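The chain contents come next:
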Amino acid sequence: AQKVTQAQTEISVVEKEDVTLDCVYETRDTTYYLFWYKQPPSGELVFLIRRNSFDEQNEISGRYSWNFQKSTSSFNFTITASQVVDSAVYFCALISYSSASKIIFGSGTRLSIRP
Amino acid sequence: GAGVSQSPSNKVTEKGKDVELRCDPISGHTALYWYRQSLGQGLEFLIYFQGNSAPDKSGLPSDRFSAERTGGSVSTLTIQRTQQEDSAVYLCASSPGPGQNYGYTFGSGTRLTVV
């Protein structure tokens, strides 16, 4: 079975704080991809990152960074020096070899950045 | 087109009426997906098209839901005899091909309200 768990339903931090969004996944496949999407109030899902199961190298893109650890089946997302514009719902997602026709999404984490 | 286009952006309908939701994928994208997002919830897979055929329609919640795709392009999701529990945002996504090697681009969604 494929499953993505985002245990944090809502997070609220003050601007400029660092914040980490957790994601834990389950799959029996050895070949899979993990994603993070951002959904701002406008509603559109914005692609942030895709990482394949064979590449555990952490990635940094500006204020965003991702920590992929296969040993704990986690793919956590950190925003450094958060800004109000980062306020959104963030979804972690999985697509694996045996479910190649669909992305399995987590339930999302609503992030609020207070000025 | 440049992105995935969905219409209408908002639809209010009376309980019992039929509705049609339209998705125009990115030109050349052979894979098309429909998802449903209920208020405050994650994304629920509905159906996947590869070309004009639907290899995976396992997420359609009932026989009141149907979808088709013509010319390998535009897709229509039809909900018959709408119920209040059908109220949600219906999101469409397209991809250059099926499976895990490609990114998915989402449209802005159709917000359906059944009154």
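Scroll up to find the structure.
Report follows, based on the coordinates.

**Side note on the layout of surface pockets**
Part 1: Put simply, the largest pocket is a space of about 720 Å³.
Part 2: As for the largest pocket, its lining consists of 33 residues, of which Gln-39, Val-89 and Arg-110 of chain A together with Gln-37 and Gly-40 of chain B are closest to the centre.
Part 3: Breaking the lining of the largest pocket down by element, the ones donating at least two residues are β10 (88-96) and β12 (109-114) of chain A together with β9 (88-95) and β11 (110-114) of chain B.
Part 4: Considering every element that reaches the lining of the largest pocket, the biggest residue donor is β11 of chain B, with 4 residues.
Part 5: Residues belonging to the lining of the largest pocket are distributed by class as follows: 10 nonpolar, 20 polar and 3 charged.

**Considering the state of the cysteines**
Part 1: The full count for this structure, using the stated rule, is 2 disulfides over all chains.
Part 2: The side chain of Cys-23 of chain A participates in a disulfide bridge whose partner is Cys-92 of chain A; the two sulfur atoms lie 1.9 Å from each other. With the S-S bond torsion at -65 degrees, the cross-link from Cys-23 of chain A to Cys-92 of chain A turns out left-handed. With a gap of 69 residues between them, Cys-23 of chain A in the loop between β3 (19-21) and β4 (24-26) and Cys-92 of chain A in strand β10 connect regions that are remote in the sequence.
Part 3: A sulfur-sulfur distance of 1.9 Å marks the disulfide that ties Cys-23 of chain B to Cys-92 of chain B. Where Cys-23 of chain B bonds to Cys-92 of chain B through sulfur, the torsion about that S-S bond is close to -65 degrees, and the disulfide is left-handed. Residue Cys-23 of chain B is found in strand β3 (residues 19-24), and its partner Cys-92 of chain B is found in strand β9; the two are separated by 69 residues along the sequence. Neither Cys-23 of chain B nor Cys-92 of chain B differs from the other in exposure class; each is buried.

**What about the pairing of strand β6 (residues 53-56) of chain B?**
Residue and element names in this part refer to chain B.
Part 1: Inspection of the sheet shows strand β5 (residues 43-50) paired to β6 by 2 bridges, in the antiparallel sense. Counterpart to Tyr-48 in the pairing with β6 is Asp-56.
Part 2: Where β5 folds back onto β6 in an antiparallel hairpin, the turn is made up of 2 residues, including Gly-51, whose phi is positive at roughly 65 degrees.

**A look at the environment of Glu-17 of chain A**
Part 1: One can find Glu-17 of chain A in the loop between β2 (10-14) and β3.
Part 2: The contact partners of Glu-17 of chain A, leaving out residues within four places of it in the chain, are Ile-79, Ala-81 and Ser-82 of chain A.

**Description of the interface of chain B and chain A**
Part 1: With 21 residues of chain B in contact, the opposing surface of chain A contributes 21 residues.
Part 2: At the junction of chain B and chain A, the tally comes to 1 salt bridge.
Part 3: Between Lys-102 of chain A and Asp-56 of chain B there is a salt bridge, and its shortest N-O distance comes to 3.7 Å.
Part 4: Where chain B meets chain A, there are 5 residue pairs in polar contact (both at pLDDT 80 or more).
Part 5: Of all elements in the fold, only β4 (31-37) and β5 of chain B reach the threshold of two or more residues within the side of chain B that touches chain A.
Part 6: When grouped by side-chain class, the residues that make up the side of chain B that touches chain A number 10 nonpolar, 10 polar and 1 charged.

**A word on unusual backbone geometry**
Part 1: Here Ser-7 of chain B and Pro-8 of chain B are connected by a cis peptide whose omega angle stands at -10 degrees.
Part 2: Within the secondary structure, Pro-8 of chain B sits in the loop between β1 (5-7) and β2 (10-13).
Part 3: Despite not being glycine, Ser-73 of chain A shows a phi value in the positive range, around 50 degrees.
Part 4: Summarising the element assignment, Ser-73 of chain A is placed in the loop between β8 (64-69) and β9 (74-79).
Part 5: A positive phi angle is found at Arg-81 of chain B, which is not glycine, with a value near 50 degrees.
Part 6: For Arg-81 of chain B, the position within the fold is in the loop between β8 (75-79) and β9.

Rules behind the numbers
Residues numbered from 1 in each chain as written. Chains lettered and ligands numbered in written order. Predicted model: local features only at pLDDT ≥ 70, side-chain atom pairs only at ≥ 80, totals over all residues. Heavy atoms only, no water. 1 Å grid on protein atoms, 1.4 Å probe; cavity = no way out; pocket = protein on both sides within 12 Å on 5 of 7 lines; lining within 4 Å. Points joined across faces, edges and corners; volume = space filled by probe spheres on them. Helix = DSSP H or I, 4+ residues; strand = E, 2+ residues; numbered from the N terminus. Nonpolar A, V, L, I, M, F, W, Y, C, P; charged D, E, K, R; others polar. Disulfide = S-S within 2.5 Å. Buried < 20%, exposed > 50% of the residue type's maximum accessible area, 1.4 Å probe, protein only. Pairing = 2+ DSSP bridges. Contact = heavy atoms within 4.5 Å. Salt bridge = Lys/Arg side-chain N within 4 Å of Asp/Glu carboxyl O. Polar contact = N/O pair within 3.5 Å; in protein donor to acceptor, adjacent residues only side chain to side chain.

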